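If you want the building blocks of each chain, they are given just below.
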Amino acid sequence: MKTLFQALPAMDVCLEALFAARPEWRALPRALVRENVTAYWNGVRADIKAGLYTQPCALGLDAQLPHIQKYVQAALRPRLRRAINAAGVVVHTNMGRSLLAQEAVQAVAQAAGHYTNLELDLSTGGRGSRYNIINDILCRLTGAEAALVVNNNAAAVLLVLDTLCKGGEVLVSRGELVEIGGSFRIPDIMEKSGAVLHEVGATNRTHIRDYAAALNENTRALMRVHTSNYRIVGFHKAVSVEELVILGRKHGLPVIEDLGSGSLIDFSTYGLPYEPTVQSVVAAGADIVTFSGDKVLGSAQAGIIVGKKKYIDALHANQLTRALRQDKLCLAALEATLRLYADQQTVCATIPTLRMITMTGQECAQRARKLARRLKAKLGERAHISIAEAESRVGGGAFPERGLATSVVRVQPCACSVPELKQRLLAADPPLIGRVEEDAFCLDPRTIQDKECADIVRVLDEALHQN
Ligand SMILES: *Cc1c(COP(=O)(O)O)cnc(C)c1O
């Protein structure tokens, strides 16, 4: 073992050989490269002790340099990386939900690299408010009196309950005690805010008389939560926002609606099931409506609150608002995205999330054929490529029970298993995420961007060469 340890090259020799092989790494801090090389050799030392090496020549620089390069390259890669979504889930929470429209990408880059008037009033040169930046456009698009934007919709719900309901009761239907992935649960948020959840009705049926019977002197609000990731079917009744508004008005109580996804366009005109739009809920009289910025709206992470001015003013006065405030990059993305909604004719083409949701089954099939042709040409005998009809998902809790008709490209590797291929593609650069079926790795063209096709062909080619 001693001769094995003696065979290890000196650090400086090793670094020079590495820099000769990768001259671009000379520009990096030397200490950073050295740290990673040290970590690599520590691994080798452990392997020597474990008896994995027997020949000194296997430890020389010639034998080790390619491995060192690979190790250092992987260690230097950013942890947050671009990835390809071929899974066909449009609002894919694990993959960062929405892609920004080109206009929003530019607005973010502009705001990121420059000073801005974020809190500067350009008419006086004095202090302005970041909240004024998008309030007008939000009010115009939703028909609400006032608006406020915070970090995400979970924060929006927390802020609303903390401001309007702390120490009192909020009536919520038992059919709407929603849990969203990532541990957002209505009962838990309620508890954090200091409001008391008063459940009304039954899981499958709640009537307006259930809310009326539950009212007492401690009631602070009536709340509806969009059952965004499940649907109760069969013997089912929920109370409409209109009915709740009548009851709320009668007793001077605000009606709060957590819409979850919060769409500004009516998807039923694109052949999808009807989902209430933000405008329709505002028009129905809801006092406060909250929704996400990065679900079907197609922008950056944000919690958008719109509603009656007196309630929004109360939210502004809450200290918690300061802790939940948005940064300039998200505001830039949100403003640029919302401006695209002014043109309802083009919005489904300009906002990637909307473009992917409204893409027809025929277009998906056409794109699948094109991708399959390219893959067949490149992969040859190494995989069997075919096309099958399938369903994509909107994701993000929208349209839970309805898939979108698509066609997927099925890749069946000849020399490795499907789970093995999946693993190799996760390790690829960029990682390629697909849908794994029992006998095929499936690529859904709905969520693949045109500019990603060349990468897909390359990483699959590389993955199937690893045998
Ligand atoms: C997604 C969702 C939330 C949480 O929104 P985030 O923006 O992810 O914080 C809250 N309520 C409902 C009904 C949702 O669908």
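The structure this text deals with has already been given above.
Definitions and limits used
- Residues numbered from 1 in each chain as written.
- Predicted model: local features only at pLDDT ≥ 70, side-chain atom pairs only at ≥ 80, totals over all residues.
- Heavy atoms only, no water.
- Buried < 20%, exposed > 50% of the residue type's maximum accessible area, 1.4 Å probe, protein only.
- Helix = DSSP H or I, 4+ residues; strand = E, 2+ residues; numbered from the N terminus.
- Arc of directions from axis to C-beta.
- Contact = heavy atoms within 4.5 Å.
- Phe/Tyr/Trp six-rings, centres within 6.5 Å; stacked < 30°, edge-to-face > 60°.
- Pairing = 2+ DSSP bridges.
- Axes fitted to C-alpha atoms, helices over the stretch in contact; angles between N-to-C directions.
- Core = buried A, V, L, I, M, F, W, Y, C linked by side-chain atoms within 4.5 Å.
- Domains from an automatic or database assignment.
- Salt bridge = Lys/Arg side-chain N within 4 Å of Asp/Glu carboxyl O.
- Near = heavy atom within 4 Å.
- Polar contact = N/O pair within 3.5 Å; in protein donor to acceptor, adjacent residues only side chain to side chain.
- Areas by Shrake-Rupley, 256 points an atom, 1.4 Å probe, with all protein chains shown as cover.
- Nonpolar A, V, L, I, M, F, W, Y, C, P; charged D, E, K, R; others polar.
- Patch = residues over 30% accessible without salt bridge, like charges linked within 9 Å, V, L, I, M, F, W, Y side chains within 5 Å.
- Lys, Arg positive; Asp, Glu negative; His and termini not counted.
- Charge placed at Lys NZ, Arg CZ, Asp CG, Glu CD.
- Right-handed = clockwise from strand over helix to strand, strands pointing away.

Draft legend 1. Examining helix α12 (residues 309–317) more closely. The set of residues buried in α12 consists of Tyr311, Ile312 and Leu315. The arc that holds the buried residues of α12, viewed along the axis, is 100°, so those residues lie on one side. When the buried face of α12 is taken as reference, the exposed residues oriented beyond 90 degrees from it are Lys310 and Ala317. In this structure, the buried side of α12 is in contact with β3 (146–150), α7 (153–164), β10 (288–292), β11 (303–307) and α13 (320–323).

Draft legend 2. Region of the structure containing the packing of aromatic side chains. Scanning all chains against the criterion turns up two aromatic pairs. With 5.4 Å between their ring centres and 75° between their planes, tyrosine 40 and tryptophan 41 make a pair best called edge-to-face. With a relative accessible area of 4%, tryptophan 41 lands in the buried category.

Draft legend 3. Representation of the sheet that holds strand β2 (residues 89–91) within the structure. Judged by pairing direction, the sheet is mixed, and its five strands sit side by side in the order β2-β12-β13-β16-β15 without closing on themselves. Looking at the sheet topology across the chains shown, the edges are occupied by β2 and β15 (435–437). Across the sheet, the mean angle from the axis of one strand to that of its neighbour is 35°, orientation sign disregarded. In the sheet, strand β12 (residues 383–395) pairs with strand β13 (residues 404–413) via 10 bridges, with the strands oriented antiparallel. For histidine 384, the partnering residue across the bridge sits in β13 and is glutamine 412. Across the sheet, helix α17 (residues 361–379) is in contact with β12, β13 and β16 (440–443); its angle to β13 comes to roughly 15°.

Draft legend 4. Representation of the nonpolar core within the structure. Residues Val289, Ile304, Val306, Leu338 and Tyr341 are the most contacted members of the largest nonpolar core, which totals 57 residues. Built from parts of two domains, this core gets at least three residues from each of domain 2 (84–93 + 356–464) and domain 3 (102–350). Ignoring any residue separated from it by four or fewer positions in sequence, one finds valine 289 in contact with Glu257, Leu259, Val278, Val281, Val282, Ile304, Ile305 and Val306. Formed by 31 residues, the second largest nonpolar core is a distinct cluster that contains Tyr131, Val150, Val160 and Ile256.

Draft legend 5. Spatial organisation of the pattern of salt bridges. On inspection of all chains with the given rule, the structure shows 28 salt bridges. In this structure, arginine 130 and glutamate 119 form a salt bridge, with 2.8 Å as the shortest nitrogen-oxygen distance. With arginine 130 in the loop between α5 (102–113) and α6 (132–142) and glutamate 119 in the loop between α5 and α6, the pair connects residues that are 11 residues apart, well separated along the chain. When its relative accessible area of 22% is taken as the criterion, glutamate 119 is described as partly exposed. The shortest N-O distance in the salt bridge between arginine 458 and aspartate 455 comes to 3.0 Å. Of this pair, arginine 458 and aspartate 455 both sit in helix α19 (residues 453–465), separated by three residues, roughly a single helical turn.

Draft legend 6. The arrangement of the site of the ligand in detail. Every residue lining the ligand is accounted for by Arg97, Asn152, Asn153, Ala154, Ile180, Phe184, His226, Ser228, Asp258, Gly260, Ser292 and Lys295. Note that an oxygen atom of the ligand is positioned 2.8 Å from one of the backbone N or O atoms of alanine 154. Look at the ligand: alone it shows 380 Å² of surface, and the protein chains cover 95% of it. Going through the elements one at a time, α7 and β9 (255–260) are the ones with two or more residues in the shell around the ligand. Considering only residue class, the shell around the ligand consists of three nonpolar, six polar and three charged.

Draft legend 7. Highlighting the environment of tyrosine 115. Examined against the element boundaries, tyrosine 115 turns out to sit in the loop between α5 and α6. Owing to a relative accessible area of 84%, tyrosine 115 belongs among the exposed residues under this scheme. Along the backbone, tyrosine 115 and lysine 328 are 213 residues apart, and their C-alpha atoms lie at a distance of 9.9 Å.

Draft legend 8. Region of interest: a positive patch on the surface. Taken together, the side chains of Arg369, Lys370, Arg373 and Arg374 make up a positively charged region of the molecular surface. In this fold, arginine 369 is placed in helix α17.

Draft legend 9. Looking closely at the sheet that holds β3. Across the sheet, seven strands lie side by side as β3-β11-β10-β9-β8-β4-β7; this open sheet has mixed pairing. Strands at the two margins of the open sheet, each flanked by one partner only, are β3 and β7 (196–200). The average angle at which neighbouring strand axes cross in this sheet is 25°, direction not considered. In the sheet, β10 pairs with β11 via five bridges, with the strands oriented antiparallel. By the bridge assignment, serine 292 is partnered in β11 with glycine 303.

Draft legend 10. View of the pairing of β9. Burial analysis of β9 places six of its six residues in the buried class, which makes it a mostly covered element. Here β9 shows two buried faces, one formed by Val255, Glu257 and Leu259 and the other by Ile256, Asp258 and Gly260. Taken together, the four bridges between strand β8 (residues 219–225) and β9 define a ladder with parallel strand orientation. Note on β9: the bridge partner recorded for arginine 224 is glutamate 257. Handedness of the crossover is the feature at issue here: the chain leaves β8, passes through helix α10 (residues 241–251), returns alongside β9, and the resulting connection is right-handed. Relative to β10, β9 runs parallel, the two sharing four bridges.

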